[in-house]
Amino acid sequence: MSAAAMAPTWTAIQAEALDRFRQLLRIDTTNPPGNEIEAVRFVAELLKAHGIEYEIIETAPGRANLIARLKGTGKAGGPLLLSSHLDVVPADAETWTCPPFAAEIRDGFVWGRGAIDMKHMSIYGLTAMLLLKQLGAPLQRDLILAAVADEEAGCDFGMRWLVENRPELVRAEYALNEVGGFTLHAGQRRLYPVQVAEKGFVWVRMTMRGRAGHGSMPHKDNPVVKLASVLNKLANTRLPVRPTAVVDNFLKKVGQSMGGLASFALAGVRFAPLTDLLIDRLPDQEQRNVFNACLHNTVCPTVFEGGGKINVIPGSASVLMDCRTIPGASEADLIAEIRAIVGDSVDLEILKSGPPAVVDPDTPLFRTIESAIRRHDPGAEVVPYMVVGFTDSKWLAQLGVTAYGFAPIRWPREVKFSELFHGRDERIPVEGFQWGLRTFFEVVAETCGVSVQPGERVRLG
Ligand SMILES: [Zn+2]
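Quick caveat, the model's predicted, so the values are computed rather than measured. (Residues numbered from 1 in each chain as written. Predicted model: local features only at pLDDT ≥ 70, side-chain atom pairs only at ≥ 80, totals over all residues.)

Caption draft 1: Structural detail: the overall build of the chain. Helix and strand counts for the chain come out as 16 helices and 19 strands. By the compact-globule yardstick of 23 Å for 461 residues, the chain fits well, its C-alpha radius of gyration being 24 Å. Long-range pairs, those at least 24 residues apart, make up 76% of the contacts in the chain between residues at least 6 apart in sequence. (Helix = DSSP H or I, 4+ residues; strand = E, 2+ residues; numbered from the N terminus. Rg over C-alpha atoms; globule rule 2.2 N^0.38 Å. Contact = placed C-beta atoms within 7 Å.)

Caption draft 2: Spotlight on the sheet that holds strand 14 (residues 316-325). Reading across the sheet, the four strands line up as 12-14-10-15 and stay open at both edges, with antiparallel pairing between neighbours. Two strands close off the open sheet at either side, each with one partner strand: strand 12 (298-305) and strand 15 (346-354). With direction set aside, neighbouring strand axes in the sheet form an average angle of 25°. Pairing of strand 10 (residues 200-209) with strand 14 involves ten bridges; the strand directions are antiparallel. Bridge pairing in strand 14 places V202 opposite C323. The sheet strands contacting helix 7 (residues 223-235) are strand 10, strand 12, strand 14 and strand 15, and the helix crosses strand 14 at an angle near 20°. (Pairing = 2+ DSSP bridges. Axes fitted to C-alpha atoms, helices over the stretch in contact; angles between N-to-C directions.)

Caption draft 3: Looking closely at the nonpolar core. Among the nonpolar cores identified, the biggest contains 104 residues, and L81, A128, M129, L132, I144, L396 and V444 are the most heavily contacted of them. Looking at this core element by element, the count peaks at nine residues for helix 4 (residues 119-134). If you look at the next biggest cluster of nonpolar residues, it comprises 16 residues, including V204, L227, V299 and V319. (Core = buried A, V, L, I, M, F, W, Y, C linked by C-beta atoms within 7 Å. Buried ≥ 20, exposed ≤ 12 C-beta atoms within 10 Å, placed from the backbone.)

Caption draft 4: Local environment of the environment of G343. You can see G343 is positioned in the loop between helix 12 (331-342) and strand 15. When the 10 C-beta atoms within 10 Å are taken as the criterion, G343 is described as exposed. On a C-alpha basis, the gap between G343 and V230 in space is 9.1 Å, while along the polypeptide they are 113 residues apart.

Caption draft 5: Local environment of the packing of helix 2 (residues 10-25) against helix 16 (residues 430-447). With their axes 10 Å apart at the nearest point, helix 2 and helix 16 run at an angle of 115° to one another. Seen along the crossing, helix 2 lies across helix 16 with a hand that is right-handed. For the pair helix 2 and helix 16, contact is made by W10, Q14, A17, L18 and F21 and by V430, F433, Q434, L437 and R438, respectively. Residues that form the contact of helix 2 with helix 16 fall into these classes: seven nonpolar, two polar and one charged. (Left-handed = near helix turned anticlockwise from the far one by under 90°. Nonpolar A, V, L, I, M, F, W, Y, C, P; charged D, E, K, R; others polar.)

Caption draft 6: Structural view of the domain arrangement of the chain. The domain boundaries assigned to the chain delineate domain 1 (3-196 + 357-447) and domain 2 (200-240 + 296-354). At the interface, five residues of domain 1 touch four residues of domain 2. (Domains from an automatic or database assignment.)

Caption draft 7: Just helix 3 (residues 37-49), in detail. The end-to-end C-alpha distance of helix 3 is 18 Å, a good match for the 18 Å that 13 residues give at a rise of 1.5 Å each. Buried within helix 3 are the following residues: I37, A39, V40 and V43. Here the buried residues of helix 3 occupy an arc of 150° about the axis, which is enough to place them on one side. Opposite the packed face of helix 3, turned more than 90 degrees from it, sit the exposed residues E45, K48 and A49. Buried residues belonging to helix 3 abut helix 2, strand 1 (54-60), strand 2 (63-70), helix 4 and strand 6 (143-148). Residue G51 follows helix 3 closely and has a positive phi angle near 70°. (Expected span 1.5 Å × (residues − 1). Arc of directions from axis to C-beta.)

Caption draft 8: View of the pairing of strand 7 (residues 174-177). Burial of strand 7 is two-sided: the residues Y174 and L176 facing one way and the residues A175 and N177 facing the other way are all buried. By the bridge criterion, three bridges tie strand 3 (residues 80-85) to strand 7 in an arrangement that is parallel. Bridge pairing in strand 7 places L81 opposite A175. Two elements, strand 7 and strand 18 (residues 402-405), share four bridges in a ladder whose sense is parallel. Of the residues in strand 18, the one forming a bridge with A175 is A403.

Caption draft 9: Examining the sheet that holds strand 4 (residues 105-106) more closely. Pairing is antiparallel in the open sheet, where three strands are placed in the order 4-5-19. Looking along the sheet, the strands with just one partner apiece sit at the ends: strand 4 and strand 19 (427-429). Inspection of the sheet shows strand 4 paired to strand 5 (residues 109-111) by two bridges, in the antiparallel sense. Residue R106 lies in a different strand from strand 5, and its bridge partner there is F109. Together, strand 4, strand 5 and strand 19 form the strand contacts of helix 16, whose direction differs from that of strand 19 by roughly 70°.

Caption draft 10: Broad picture of unusual backbone geometry. Residues N31 and P32 are joined by a peptide bond in cis, for which omega reads 0°. By the secondary structure assignment, P32 is in the loop between helix 2 and helix 3. Omega for the bond connecting E178 with V179 falls within 30 degrees of zero, at -5°, which places this linkage in the cis form. Inspection of the secondary structure assignment puts V179 in the loop between strand 7 and strand 8 (184-186). Positive phi, normally seen in glycine, also occurs at D150, with a value near 65°. If you trace the backbone, D150 turns up in the loop between strand 6 and helix 5 (159-165). Of note, C155 is a non-glycine position whose phi angle comes to about 80°, a positive value. Mapped onto the elements of the fold, C155 is located in the loop between strand 6 and helix 5.

Below, the structure written as structure tokens:
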């Protein structure tokens, strides 16, 4: 048989990747406790079988990170990092249609916790690395695979740790990570948002002091009551509008795709005097929440800390608040915005924080993503966007890495992608997974200076 006839076919690669994906989903890496080491061993075995060296870094018992690297000439530039986290958020099996760790295939979907967040991407990255190695492709830059722990609980044992303690392992020119590359159906058009920005987080304890006393003798200086009134004020006041270029452009694109009234409304929402007015008139609550989060720093009270006994007025009461900051806003800006509403009556203490991040969407890698999407979904358009949560990209940005959220999935119109993220019945369309695997591979190969011929057999150009 000739070498060309021996070249692997996409059908075979996709079937094998699907099988590995389902095996990975069956490894329960619910965080807490994480136990990512089981998933790391699974990835390591496959790398070893292909003769690829790797390092496993255990940052705490059971909390493992894996880094592998294929060397390139460097002619095309600095390394490309393929990054994914192996941990998943908890799943309440009672409420699921299929068991969350069985990786069943039903109705054309693979069902399982981690299906879109983000074990599919771990398999995309692994497949890309194995395939390039198997093809003996001469890489023009290093290709790094990172499969890390603890993203879902703040990254302390995963990417944050690596960036702060072993930066040489993950330093790269570019990275591909979650959250982006899924089909967004806007009107009759299909958009593919790619993450180029994310908000920062600032976790704050707000404490109100007062006068302790007996519950039988209520008085005006009760910190529980005073805190409730301050919180009420905070919950009913929006922080100032903070437009950014990324969000402006995204809204404009979505508006154009929807056409009609939406294009005017979404164009108008970018102008600060109109923003809050228009947000409040959006037809559904979910939309109002998303727009609010994209255009303001936000404050979300989540945990009360108060007295300990029903008949005792405590000397102080606190609330923990999950605050998120827009790129361009500092922690000091956020605190000043909160102070403007609550005044000096409370203490504000920052417990933990991570800065917002934004990277340049005008790069050769971004254009490679655009052309791969257009090739595989003609008529669709790629659009940079901001994620309101946080990802490992936040820490990579600290090293100057241009990290994009691109973990492509072709997504049907009927199923809402955003509801499955951390939600019940998380699942991925089998076809959408296979489509994403191939699209992703082509982006990786091209970025590493390897041209791949079109067609069913994978042959280098
Ligand atoms: Zn994730």
